[in-house]
Amino acid sequence: MIFDNISNIHIYNLPRVVTDFVSELNSDTKSGRCEICDGIYANIESYNTKLINDAVFEAHENYIDIQILLDGIENIYYCLKGDLEVKIPYNKEKDITFYSENIIPHEFVKLNGLNFVILYPHEAHAPQVSTNNTPMQVKKVVIKIRKDLLL
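First things first, this report covers the structure right here in the doc. (Residues numbered from 1 in each chain as written. Predicted model: local features only at pLDDT ≥ 70, side-chain atom pairs only at ≥ 80, totals over all residues. Heavy atoms only, no water.)

Describing the overall build of the protein chain
- For the protein chain, the count of helices and strands is 1 helix and 12 strands.
- Reading the protein chain from its N terminus to its C terminus gives the helix and strand order β-α-β-β-β-β-β-β-β-β-β-β-β.
- Its C-alpha atoms give the protein chain a radius of gyration of 15 Å, near enough to 15 Å, the size a compact globule of 151 residues would have.
- Oriented by its inertia axes, the alpha-carbon framework of the protein chain measures out at about 35 × 35 × 25 Å.
- Every one of the 151 residues in the protein chain was classed for burial, and the buried ones make up 47%.
- Counted over contacts in the protein chain with a minimum sequence separation of 6, partners at least 24 positions apart contribute 82%.
- For the protein chain, the separation between the mean place of its 14 positive charges and that of its 21 negative charges on side chains is 4 Å. (Helix = DSSP H or I, 4+ residues; strand = E, 2+ residues; numbered from the N terminus. Rg over C-alpha atoms; globule rule 2.2 N^0.38 Å. Buried < 20%, exposed > 50% of the residue type's maximum accessible area, 1.4 Å probe, protein only. Contact = heavy atoms within 4.5 Å. Lys, Arg positive; Asp, Glu negative; His and termini not counted. Charge placed at Lys NZ, Arg CZ, Asp CG, Glu CD.)

Here it is as structure tokens:
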């Protein structure tokens, strides 16, 4: 996992199309799926953050996530997926596995619009968690990069 200030995103050897896309993002960016190029796309959505007891770990096999908040604040919990028990087996079409462990004892980072997180396939994460257990409306972009383009 990489967690850093958004102004440093260019130092992580990401494809230029990704850093160019990120530089154009703002709170007025339209929601929906955006095809950036072959093997790279973004999902932009608004939602209410979850109570901590409703959050679950997930992981992906084929895509790396870059998560950036455009509006609001949320926590993302993380751990190595090898330490977790599968709750819902891998869905190849959606590239996602869900896990049964409680997220509370694990580490988290706080996304606030000034930073970003990069999550790799070996890392489980529980996104969309409210801060102070108080749900709030947020807007987020999740850029999905096919892992063979970076690893």
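What follows picks up the thread again.
Considering the sheet that holds strand β1 (residues 2-5)
- Reading across the sheet, the 6 strands line up as β1-β10-β5-β12-β3-β2 and stay open at both edges, with antiparallel pairing between neighbours. For this open sheet the edge positions go to β1 and β2 (32-37), each flanked by a neighbour on one side alone. Each strand of the sheet is rotated relative to its neighbour by a mean of 20 degrees, with strand direction disregarded.
- Relative to strand β12 (residues 137-146), strand β3 (residues 40-48) runs antiparallel, the two being bridged by 9 bridges. Residue A42 lies in a different strand from β12, and its bridge partner there is I143. (Pairing = 2+ DSSP bridges. Axes fitted to C-alpha atoms, helices over the stretch in contact; angles between N-to-C directions.)

Observations regarding the pattern of salt bridges
- Within the structure shown, the criterion is met by 6 salt bridges.
- We note a salt bridge from K81 to E61, for which the minimum N-O separation is 2.7 Å. Remark: E61 occurs in the loop between β4 (58-59) and β5 (63-71) and K81 occurs in the loop between β6 (74-80) and β7 (86-91); sequence separation between them is 20 residues.
- Given the relative accessible area of 18%, K81 is considered buried.
- Look at E61 and you get partly exposed, because its relative accessible area is 29%.
- Of the charged contacts in the structure, one is a salt bridge between K144 and D65, with a shortest N-O distance of 2.6 Å. (Salt bridge = Lys/Arg side-chain N within 4 Å of Asp/Glu carboxyl O.)

A short note on the nonpolar core
- Residues V18, F21, I66, I68, I118, V141 and I143 are the most contacted members of the largest nonpolar core, which totals 21 residues.
- Going through the elements one at a time, α1 (16-23), β3, β5, β10 (115-119) and β12 are the ones with two or more residues in this core.
- If one sorts the elements of this core by residue count, β5 sits on top with 4 residues.
- Excluding its chain neighbours within four sequence positions, the residues that come into contact with V18 are I40, I66, I143 and I145.
- Counting 12 residues, the second-largest nonpolar core is a separate cluster that includes I52, L84, Y99 and A124. (Core = buried A, V, L, I, M, F, W, Y, C linked by side-chain atoms within 4.5 Å.)

Quick look at the environment of E74
- With respect to the helices and strands, E74 occurs in strand β6.
- A relative accessible area of 0% places E74 in the buried class.
- Within the structure, E74 has its side chain in polar contact with the side chain of Y47 (distance 2.4 Å).
- A distance of 2.7 Å separates polar atoms of two side chains, one belonging to E74 and the other to K140. (Polar contact = N/O pair within 3.5 Å; in protein donor to acceptor, adjacent residues only side chain to side chain.)

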